[in-house]
Amino acid sequence: MAKGVILLAAGGTGGHLFPAEALAHELIERGWKVHLATDHRAERYSAQFPAVNIHAIPSATLGSKNPIAVLSAFWMIWQGVRKAGRVIGKIKPGAVVGFGGYPTLPPLYAATRRKVPTLIHEQNAVMGRANKALASRVDAIAGGFLPEGESADGAKTVTTGNPVRPQVLEAAKTPYVASNDGEPFRFLVFGGSQGAQFFSDAVPAAIALLPEDQRKRLVITQQARAEDVARVKAAYAELGVDVQVSPFFTDMAARMATAHLVMSRSGASTVSEIAVIGRPALLVPYPHALDHDQAANAAALAAAGGAELHPQSTLSPERVAELVGGLIKDPGRLSAMAAAARSAGKPDAARLLADLTEAIASGKTVSDYRRTRA
């Protein structure tokens, strides 16, 4: 017998929808029925999302300084609030859980007006704009990296971590084994669609500066934009380095599990996966990220000792060569970083998030929830 209904609300991108999907699976296993409120962009993901129903709710981004555009956005959001209110009245959810993005504003606002228990999940170490607008109204905040504390938001924040894909949990079963002198050294480099070009320029140039004995040990996997693949391959071919270069790897979690060192951007899901699998990383925050959330995510893992944070502006090929070469020579340090990263990982984030959701749905406060898990 179903326990009741939980309404999840998420922006229509993979970054917002994936943690919502992970929570949906966990809640369904526990006997809940799950509905999803999102926007039209989520249609491409809807086939795999395990919801009883997916409700398209109007919303808009509040980013323009044009007064007409602002009024138009508020009108669209208000239309979304009214529609979300009708959906909530019909399905009667025990709680409404938001995962960021402007499409979460109408359902969460409508829920708070109807006194339905509410929770938001923030993936990043810096709260996004939509979640920030909702923080004071909701009953609880779940954080991927957000700290629990004494502030108004911190007092109702629970650091659950970010749910990760099943492939990542499988990869986490592979222990870190350091590469010693003369053994292959597997180096994984990736940057996402926006951030890969810097690595395509800087890393091959840095590898060219390494001593020959280190270059011979390297086995590199590097993600590059489609238009950069040929030149990156050519640069490595000149150096005689064993490399695979592609715009996309479907088995990225497995490749991370075999890596001795990772160099990447520091989006929330990337940092969470590096931590759960437990691999040492050189994190280079994307410098144009909104709200500088990537820098804050990287700082969280660096503070735990699992990574080094290096602003892109500081990374000449010479500096990258110095960093990579120094770590190749120090397997003990890499092993310590791997252990520290793993200790910061939260492989049970989906379970913790479901626990908090059920507590809020039952009328408990965050203080009540903390007492039950103490």
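Now for a quick tour of the structure.

Cut-offs used in this document
Residues numbered from 1 in each chain as written. Predicted model: local features only at pLDDT ≥ 70, side-chain atom pairs only at ≥ 80, totals over all residues. Heavy atoms only, no water. Pairing = 2+ DSSP bridges. Helix = DSSP H or I, 4+ residues; strand = E, 2+ residues; numbered from the N terminus. Axes fitted to C-alpha atoms, helices over the stretch in contact; angles between N-to-C directions. Contact = heavy atoms within 4.5 Å. Core = buried A, V, L, I, M, F, W, Y, C linked by side-chain atoms within 4.5 Å. Buried < 20%, exposed > 50% of the residue type's maximum accessible area, 1.4 Å probe, protein only. Salt bridge = Lys/Arg side-chain N within 4 Å of Asp/Glu carboxyl O. Patch = residues over 30% accessible without salt bridge, like charges linked within 9 Å, V, L, I, M, F, W, Y side chains within 5 Å. Areas by Shrake-Rupley, 256 points an atom, 1.4 Å probe, with all protein chains shown as cover. Lys, Arg positive; Asp, Glu negative; His and termini not counted. Charge placed at Lys NZ, Arg CZ, Asp CG, Glu CD. Right-handed = clockwise from strand over helix to strand, strands pointing away. Polar contact = N/O pair within 3.5 Å; in protein donor to acceptor, adjacent residues only side chain to side chain.

Focus on the sheet that holds strand β3 (residues 53-56)
Move 1: Spatially, seven strands are ordered β3-β2-β1-β4-β5-β6-β7 in an open sheet, and the strand pairing comes out parallel. In this open sheet, the two strands that pair with only one neighbour each are β3 and β7 (157-159). The average undirected angle you get between the axes of adjacent strands in this sheet is 25°.
Move 2: Where strand β2 (residues 32-38) meets β3, four bridges bridge the pair, whose relative direction is parallel. Note that in β3 the partner of His35 across the bridge is Asn53.

As for the environment of Ala84
Move 1: As for its placement among the helices and strands, Ala84 is situated in helix α2 (residues 67-91).
Move 2: In sequence terms Ala84 and Leu105 are 21 residues apart; their C-alpha atoms lie 9.8 Å from each other.
Move 3: Not counting residues within four places of it along the chain, the set of residues in contact with Ala84 comprises Ile57, Pro106, Pro107 and Ala110.

Some remarks on the nonpolar core
Move 1: One finds Phe187, Val203, Ile207, Leu218, Tyr236 and Met263 to be the most contacted residues of the largest nonpolar core, which totals 34 residues.
Move 2: Listed by contribution, the elements that provide at least two residues to this core are β8 (185-190), α6 (192-207), β9 (218-223), α8 (229-239), β11 (261-264), α12 (317-328) and α13 (331-344).
Move 3: Aside from chain neighbours lying at most four places away, what touches Tyr236 is Val203, Pro204, Ile207, Ile220, Gln222, Val241, Val243 and Val245.
Move 4: Ile57, Leu105, Ala110 and Leu146 belong to the second largest nonpolar core, which has 28 residues in total.

Observations regarding the sheet that holds β9
Move 1: Read from one edge to the other, the open sheet built from six strands follows the order β10-β9-β8-β11-β12-β13, with strand pairing classed as parallel. Since the sheet does not close on itself, it has two edges, and those belong to β10 (242-246) and β13 (307-309), each with one partner. The mean inter-strand angle of the sheet, taken between neighbouring strand axes irrespective of direction, is 15°.
Move 2: Sheet topology places β9 next to β10; five bridges connect them, and they run parallel. When the sheet's bridge partners are listed, Ile220 is paired in β10 with Val243.

Focus: the pattern of salt bridges
Move 1: Counted under the stated rule, the structure contains 20 salt bridges.
Move 2: Asp355 is the salt-bridge partner of Arg30, the closest N and O atoms lying 2.8 Å from each other. With Arg30 in the loop between α1 (14-29) and β2 and Asp355 in helix α14 (residues 349-361), the pair connects residues that are 325 residues apart, well separated along the chain.
Move 3: Look at Asp355 and you get partly exposed, because its relative accessible area is 24%.

So, a positive patch on the surface
Move 1: Residues Lys92, Arg113, Arg114, Lys115 and Arg137 make up a contiguous surface patch of positive charge.
Move 2: Within the secondary structure, Lys92 sits in the loop between α2 and β4 (95-98).

Concerning a nonpolar patch on the surface
Move 1: Together, Trp75, Trp78 and Tyr109 line one region of the surface with nonpolar side chains, adding up to about 330 Å² of accessible area.
Move 2: Structurally, the position occupied by Trp75 is in helix α2.
Move 3: Judged by its relative accessible area of 54%, Trp75 is exposed.

Thoughts on the pairing of β9
Move 1: Where burial is concerned, most of β9 is hidden: five out of the six residues are buried.
Move 2: One ladder, built from five bridges, connects β8 with β9; its direction is parallel. Bridge pairing in β9 places Arg186 opposite Val219.
Move 3: Each parallel crossover has a hand, and the one from β9 via α8 to β10 is right-handed.

Examining the side chain of His55
Move 1: As for its position among the elements, His55 is in strand β3.
Move 2: You can call His55 buried: its relative accessible area is 13%.
Move 3: A distance of 2.9 Å separates polar atoms of two side chains, one belonging to His55 and the other to His35.
Move 4: Excluding residues within four positions of it along the chain, His55 makes contact with Leu7, His35, Leu36, Ala37, Thr38 and Val87.

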